[in-house]
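Overview (structure and organization)
Residues per chain, in single letters:
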Amino acid sequence: MKSLSLINAAKFTSPNPLSLICSRTPSGETNLAAVSWWTYLSLKPEIIGFAMMKMSYTGEMVRANKRVVLTVPGESLAKQVMQCGCSTGRTKHKAKDFGIDLKDIPNSDIQIPVHSAIAIQCSLREYIEVGDHYFYICHVENVYGDEEERPLFAWNGYSSIAPAQEA
Ligand SMILES: Cc1cc2nc3c(=O)[nH]c(=O)nc-3n(C[C@H](O)[C@H](O)[C@H](O)COP(=O)(O)O)c2cc1C
C-alpha cells in the first residue's frame with residue numbers, strides 16, 4: 001500500500017454520498033448546500049450526522065433554528081447541485097438563481113427540491129467542533145422517499161455528480 005492524503009482517499013473510494021441540505025433563512029426561504037460528508041449514525045433512536053465548514057451559512061442557520069431537512073437529490077439536479085456547492089446562501093438565493101423548483105413536505109416550514117429521492121426531516125441534537133468543520137448530530141423526525149427519482153452521488157473527489165452505476 002502507498003501513503004495517501006485523506007482527500008485522495010475520498011477520491012479513490014468514490015462514489016461518495018451526496019445531499020442537498022435544506023435550511024430555513026430568516027426571510028423564510030430555503031437555502032441549499034451540497035454536502036457529501038453525511039452519514040447514518042443510529043437506528044434506535046434514529047440519528048444522522050453531517051459535517052460542514054465552520055463558516056457555512058447552512059451551519060449558521062441550523063445552529064439558529066435547530067431544524068434541517070437533509071435531501072438526496074435526484075438525477076435531474078446534477079448541474080444545480082454543483083452550483084449549490086460553489087456558492088453561499090449569504091449572497092445568493094440559490095433555488096431561485098439556479099432554477100430549482102421547491103415543494104412543501106408535511107409538518108415542516110422548510111421546503112425541499114421537487115426532484116428529491118430522499119428527504120430526512122431532522123431536529124438538531126447537538127453539534128461538535130471537529131477541526132475546520134462542525135459535525136451536526138440530528139434526530140430524525142420523518143423520512144420521505146420517491147422511488148421514481150435516481151439518487152445522485154459525488155464522483156472523483158466531488159468533481160462530478162452522477163448516479164451510481166449498477167454493480
Ligand atoms: C459535491 C460537493 C460536496 C460538498 N460536500 C461538502 C461537505 O460535505 N461539507 C462542507 O462543509 N462543504 C461541502 N461542499 C461545499 C459546500 O456546499 C459549499 O461550501 C457551499 O458554499 C456552502 O453553502 P452555504 O454557505 O450556503 O451553506 C461540497 C460541495 C460540493 C460541490
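None of the values given here were measured: they were computed from a predicted structure.

Examining the overall build of the chain
- Helices and strands together make up the secondary structure of the chain, namely 4 helices and 11 strands.
- Over its C-alpha trace the chain gives a radius of gyration of 15 Å, about what one expects of a compact globule, namely 15 Å for 167 residues.
- On the principal axes, the C-alpha backbone points of the chain span a range of 50 × 35 × 35 Å.
- Scored against the burial criterion, the 167 residues of the chain give a buried share of 42%.
- Accessible surface, the chain: about 9,300 Å² in total, of which carbon and sulfur atoms supply 54%.
- Within the chain, the 17 negative side-chain charges are centred at a point lying 8 Å from the centre of the 16 positive side-chain charges.

With respect to helix H3 (residues 78-85)
- All of the buried residues along H3 are Gln 80, Val 81 and Cys 84. Along the axis of H3, the buried residues cluster in a sector spanning 105°; they form a single face.
- Those residues of H3 that are buried lie in contact with strand S1 (19-24), strand S2 (30-35), strand S5 (67-73), helix H4 (94-97), strand S10 (152-155) and strand S11 (160-163).

Let's talk about the pattern of salt bridges
- In this structure the tally under the stated criterion is 7 salt bridges.
- Linking Lys 54 and Glu 129 is a salt bridge whose minimum nitrogen-to-oxygen distance equals 2.4 Å. One end of the pair, Lys 54, is in the loop between strand S4 (46-53) and helix H2 (57-65); the other, Glu 129, is in strand S8 (residues 116-130), with 75 residues separating them in the sequence.
- With a relative accessible area of 56%, Glu 129 lands in the exposed category.
- Among the salt bridges present, the one from Glu 126 reaches Arg 125, with a minimum N-O distance of 3.4 Å.
- The class of Glu 126 is partly exposed, set by a relative accessible area of 32%.

Notes on the pairing of S2
- Most of S2 sits out of view: 5 of its 6 residues are buried.
- Between S1 and S2, which pair antiparallel and follow one another directly, the connecting turn spans 5 residues, one of which, Gly 28, has a positive phi of 85°.

Definitions and limits used
- Residues numbered from 1 in each chain as written.
- Predicted model: local features only at pLDDT ≥ 70, side-chain atom pairs only at ≥ 80, totals over all residues.
- Heavy atoms only, no water.
- Helix = DSSP H or I, 4+ residues; strand = E, 2+ residues; numbered from the N terminus.
- Rg over C-alpha atoms; globule rule 2.2 N^0.38 Å.
- Buried < 20%, exposed > 50% of the residue type's maximum accessible area, 1.4 Å probe, protein only.
- Areas by Shrake-Rupley, 256 points an atom, 1.4 Å probe, with all protein chains shown as cover.
- Lys, Arg positive; Asp, Glu negative; His and termini not counted.
- Charge placed at Lys NZ, Arg CZ, Asp CG, Glu CD.
- Arc of directions from axis to C-beta.
- Contact = heavy atoms within 4.5 Å.
- Salt bridge = Lys/Arg side-chain N within 4 Å of Asp/Glu carboxyl O.
- Pairing = 2+ DSSP bridges.

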